[in-house]
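Working through the structure, step by step
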Amino acid sequence: TASVALFTADLRLHDNPVLRAALDSADEVVPLFVLDTGVQSAGYDVPNRRAFLADCLSDLDAGLRERGGRLIVRRGDVAGEVCAVASECGAQQVHLAGDVSGYAQRREERLRRALAADGRRLCVHDAVVTALPPGAVTPSGRDHFAVFTPYFRRWTGAGLRGVLHAPRTVRVPEGLASLPVPARTEVSGVSPAVAAGGESEGRARFDAWRAGPMKTYADQHDDLAADTTSRLSPHLHFGTLSAVELVHKARRTGGDGADAFVRQLAWRDFHHQVLAARPRAAHEDYRPRGDRWRHDEDEIAAWQQGRTGYPLVDAAMRQLLHEGWMHNRGRLLTASFLTKTLYVDWRVGARHFLDLLVDGDVANNQLNWQWVAGTGNDTRPNRVLNPLTQARRFDPDGTYVRRWLPELADVPGASVHQPWKLPDRERARLDYPQPLVGLSAGADRFLRARGLEGRSD
Ligand code: FAD
């Protein structure tokens, strides 16, 4: 007998309940990845993620080959391709990771129906994409937590499943056709410095980070120049690393850094459980505030290109263009600047991030955008982050700004954060724009629009 392990956001051999269940249920397994034309037409298939995905698939194929198997790659409508493969190898069961987006939920339903029509069964596995499955902890009478702190308390007390070993051998039925595994070199339009993908890379990165920077993570995670966060987000997005395994390992390591890291993984689960319960929150305000957003194409383009005239905002936006990744503090600041100081719809910013982020993820991206815009779960929805205050706290001597803005590379120390204050002659030599808008004018406009008085920090 054979069964199918359909890989989606779980591109790994270690701690993979989908692969394990498929192996346990049959003599032979088809490790299948479908280049899903549905994802492509939804606009989520962008060069930076496609490049990272290619690395993940090559590494997965290599890992399977070491174990006597190989990856089968198909392209097309996922339900059609899975049914075709199941019928070619006579598989009765298809195993899949439960996932949260509206798209993933519809995909699961379509697959279930298409397989059932052929007399086959879809088996969906929990705690593959997240550490705790959505819905595992809920407040009484509700289907999800809307506020993080009580969620985190329950999340911390909930038991996690144990970690599964990678299989020693994988037997794949003979004679199945497969497309070549895509290569990163075939992808065009990729940002210059997109990180390498793949399970081997992810595991090595985590081990190195755990042995070093994790210790200082609690104190240093907001330091923009130090750049010592784990950078594991693309690996978690594609599932080359398992959130369950990371939580277990971090807890075993212990200490403030490990605790703070586990808390961030709980944030990830938190947003996933919101999206699982409210898939429309990917596009619609979770908590509508009656916003009448502004839309000025020039301002939006300046923000996207890192030419707002506020160096810390611009540095972070240039990092995104260059690496397809941005530090969390940069994401908070640039999102606040767009949605509050410029008062532009969070969906405009979320789309730009999704076009570039290697870790671009519907749950984490859309719900963090809503959190910052104050249409989501933030308990301080009208807070406006001030780039100058943020600069003083998180890039005090301007190192991060000089790293990303070559036109300001010669401006010394903290003065790089306010180029408009430089003497006229020096200022005139810099190819750098004047601020797009005054910070208090922007914040006041936003607060008035929300019918409030507030403060910015
Ligand atoms: P670390 O600080 O090392 O944290 C470890 C892991 O915890 C991360 O890899 C990530 O999986 C998770 N995590 C950390 N912070 C958050 C958070 N606030 N919400 C959810 N999970 C978190 N994260 C994404 O993975 N994909 C996105 O598309 C995304 N978009 C964002 C958009 C905005 C506007 C904001 C404010 C945040 C966004 N984040 C997103 C969350 C966070 O910024 C990134 O996960 C983090 O910067 C990744 O870097 P790291 O792996 O070094 O994180």
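Here is what the cut-offs are and how they apply
- Residues numbered from 1 in each chain as written.
- Predicted model: local features only at pLDDT ≥ 70, side-chain atom pairs only at ≥ 80, totals over all residues.
- UniProt positions renumbered as here; feature names shortened; annotations may be inferred.
- Helix = DSSP H or I, 4+ residues; strand = E, 2+ residues; numbered from the N terminus.
- Rg over C-alpha atoms; globule rule 2.2 N^0.38 Å.
- Buried ≥ 20, exposed ≤ 12 C-beta atoms within 10 Å, placed from the backbone.
- Contact = placed C-beta atoms within 7 Å.
- Right-handed = clockwise from strand over helix to strand, strands pointing away.
- Pairing = 2+ DSSP bridges.
- Domains from an automatic or database assignment.
- Nonpolar A, V, L, I, M, F, W, Y, C, P; charged D, E, K, R; others polar.

Identification of the protein as Cryptochrome/photolyase family protein from Streptomyces ovatisporus is taken from an unreviewed UniProt entry. As its UniProt record puts it under Sequence similarities (unreviewed entry), the protein is described as follows: "Belongs to the DNA photolyase family." Taken from UniProt, the Cofactor (unreviewed entry) comment for the protein reads in full: "FAD".

With that settled, the discussion passes to the overall build of the protein. A tally of helices and strands in the protein yields 20 helices and 5 strands. Radius of gyration (C-alpha) of the protein: 23 Å, near the 23 Å computed for a compact globule of 457 residues. Considered along the principal axes of its C-alpha atoms, the protein spans approximately 75 × 50 × 45 Å. The buried share of the protein, reckoned over its 457 residues, is 47%. Taking all contacts inside the protein whose residues are at least 6 apart in sequence as the whole, residues at least 24 apart take part in 78%.

This part is about unusual backbone geometry. One non-glycine residue with positive phi stands out, namely Arg 231, at about 55°. As for its position among the elements, Arg 231 is in the loop between helix H8 (217–220) and helix H9 (233–238).

The next subject is the pairing of strand E2 (residues 28–36). Of all 9 residues in E2, 7 are buried; the element is thus mostly enclosed. In this fold, the crossover linking strand E1 (residues 2–6) to E2 by way of helix H1 (residues 17–25) has right-handed handedness. The pairing of E2 with strand E3 (residues 72–76) spans 5 bridges and is classified as parallel. Bridge pairing in E3 places Leu 35 opposite Arg 75.

Glancing now at the UniProt feature "domain: Photolyase/cryptochrome alpha/beta" (unreviewed entry) in the protein. Under the local residue numbering, the UniProt record ascribes the feature "domain: Photolyase/cryptochrome alpha/beta" (unreviewed entry) to residues 1–130. Note that residues 1–130 is 48% helix and 22% strand, and that its end C-alpha atoms are spaced 30 Å apart.

Right, let's get into the domain arrangement of the protein. What the domain assignment lists for the protein is domain 1 (2–126), domain 2 (130–157 + 200–277) and domain 3 (297–449). Here domain 2 and domain 3 have C-alpha centroids that lie 25 Å from each other. Facing 18 residues of domain 2, the contacting portion of domain 3 comprises 19 residues. Among the secondary structure elements, those contributing two or more residues to the side of domain 2 that touches domain 3 are H9 and helix H11 (256–277). Element by element, the count of residues in the side of domain 2 that touches domain 3 is highest for H11, at 5 residues. When its residues are assigned to classes, the side of domain 2 that touches domain 3 shows 8 nonpolar, 5 polar and 5 charged.

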